[in-house]
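Report on the structure
Chain residues, written in single-letter form:
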Amino acid sequence: MKFLKLIRYQNLLLIALMQLVLRYGFLKQQNVPLTLSDWQYGLLVLATLLIAAAGYVINDIMDQETDQTNKPNKVIVGKTISEDLAYNLYFGLNIAGMLIGYYLADFVNKTSFFGVFIISSALLYLYATSLKQIAVIGNVIVALILGLSVIVVGMFDVLPMMTYVDVELWAKMKVILSILLDYAIFAFIINLIREIVKDAQDYEGDNLEGMRTLPIVIGMAKTSKVIFVIGLVATLLLFWYINDNLMENKLYVAVVYSLVAVVGPMVFFLIKTWSAKTKQDFALLSTILKFVIFFGILSILVITFNIKFNG
């Protein structure tokens, strides 16, 4: 159980759910040829999870001192798992993820795609060892990794087949890739907000360790306003997307779902953000954003089946 907590199994399950929903709730419903078989797609999900898990391990290794202040009851490395064992786990998870990633890149005849696994692993290491101490930069890195977990689905399962299809299918697959990109951008923005929220939540320990996160650089009050502004922009973008893509195509079930399950929590998030001051306030905000990500993932299912119902 300590190992599962170390690799943040809840977050990994969310990533796995997202990739499985995109494949079986969206791509498989589009009547387009896909590159990977089911078991190979399972390997893609596994490779993504292994690299992400390694990132969580190295982050905990580097955060031992700050975690003693921020969350003393949740410290694992150096307490229930030794630092040496944690390093072995880090290298093992990374190597396994890389090997699977290389196999998949070679299978789709796009060996350059292997670079996405190398870049992800390198960014997670740099984040844990240095970049997380730089205001905003560290937040952007972590948010980018979640966005990449959506993009790899299109890279490995859709893009390689576009060379072999006719013009009509090519155009349809291009639209599919644009939808995946939209979801990647959504994941990036929401996770960016959540990372800043988590920095505010960990203000005390980070400050003691001399880190330069956004709350430490500009103060908690201003950070709350920054979070509010980014959240407001994200909410307005959601309204625009719903109106421009769902309302225009008369996907009314998807419209109602998106407004209730995604936009609704975002509005509640904005209300709570304006007065957020304590660690508990920011913990609540982080939880709300988890729900936004979860229901945002499921929205692709609702949209897909709303399209089929209308058809």
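Higher on the page you've got the structure.
Read on for an overview of the structure. Here the structure is a predicted model, which means the values were calculated and not measured.

1. Notes on the overall build of the protein chain
- Helices and strands together make up the secondary structure of the protein chain, namely 13 helices and zero strands.
- Secondary structure elements of the protein chain, listed N to C terminal, follow the sequence α-α-α-α-α-α-α-α-α-α-α-α-α.
- Since a compact globule built from 311 residues should have a radius of gyration of about 19 Å, the 20 Å found for the protein chain is in line with a globular shape.
- Taken along the three principal axes of its C-alpha coordinates, the protein chain extends 60 × 45 × 30 Å.
- Put simply, the protein chain has 311 residues, and 50% of those count as buried.
- The contacts in the protein chain between residues at least 6 apart in sequence include a share of 76% that link residues at least 24 apart.
- Carbon and sulfur atoms make up 66% of the accessible area of the protein chain, which totals about 14800 Å².
- For the protein chain, the distance from the average position of its 23 positive side-chain charges to the average position of its 21 negative side-chain charges is 6 Å.

2. Regarding the pattern of salt bridges
- Applying the stated criterion across every chain yields a total of five salt bridges.
- Linking R23 and D157 is a salt bridge whose minimum nitrogen-to-oxygen distance equals 2.4 Å. With a gap of 134 residues between them, R23 in helix 2 (residues 9-26) and D157 in helix 7 (residues 137-157) connect regions that are remote in the sequence.
- Assessed through its relative accessible area of 0%, D157 is described here as buried.

3. Some points on helix 12 (residues 252-274)
- Given a rise of 1.5 Å per residue, 23 residues ought to cover 33 Å, and the 31 Å separating the end C-alpha atoms of helix 12 matches this to within 8%.
- In the structure, helix 12 departs most strongly from a straight axis at V263, where the bend amounts to approximately 35° and where the proline P265 lies between one and four residues downstream.
- Three or more residues of helix 12 are buried, namely A254, V255, Y257, S258, A261, V262, V263, P265, M266, F269, L270 and T273.
- Check the buried side of helix 12 and you find it contacts helix 8 (167-201), helix 11 (220-247) and helix 13 (279-310).

4. Remarks on helix 13
- A rise of 1.5 Å per residue sets the reference length of helix 13, with its 32 residues, at 46 Å; its end C-alpha atoms lie 46 Å apart and thus fit the reference within 8%.
- At L298, helix 13 shows its largest bend, some 25°.

5. Examining the side chain of S121
- Mapped onto the secondary structure, S121 falls in helix 6 (residues 115-129).
- Note on S121: relative accessible area 8%, which makes it buried.
- A distance of 2.9 Å separates a polar atom in the side chain of S121 from a polar atom in the side chain of N94.

What counts, and where the lines are drawn
Residues numbered from 1 in each chain as written. Predicted model: local features only at pLDDT ≥ 70, side-chain atom pairs only at ≥ 80, totals over all residues. Heavy atoms only, no water. Helix = DSSP H or I, 4+ residues; strand = E, 2+ residues; numbered from the N terminus. Rg over C-alpha atoms; globule rule 2.2 N^0.38 Å. Buried < 20%, exposed > 50% of the residue type's maximum accessible area, 1.4 Å probe, protein only. Contact = heavy atoms within 4.5 Å. Areas by Shrake-Rupley, 256 points an atom, 1.4 Å probe, with all protein chains shown as cover. Lys, Arg positive; Asp, Glu negative; His and termini not counted. Charge placed at Lys NZ, Arg CZ, Asp CG, Glu CD. Salt bridge = Lys/Arg side-chain N within 4 Å of Asp/Glu carboxyl O. Expected span 1.5 Å × (residues − 1). Bend = angle between axes of the 7 residues up to and from the residue. Polar contact = N/O pair within 3.5 Å; in protein donor to acceptor, adjacent residues only side chain to side chain.

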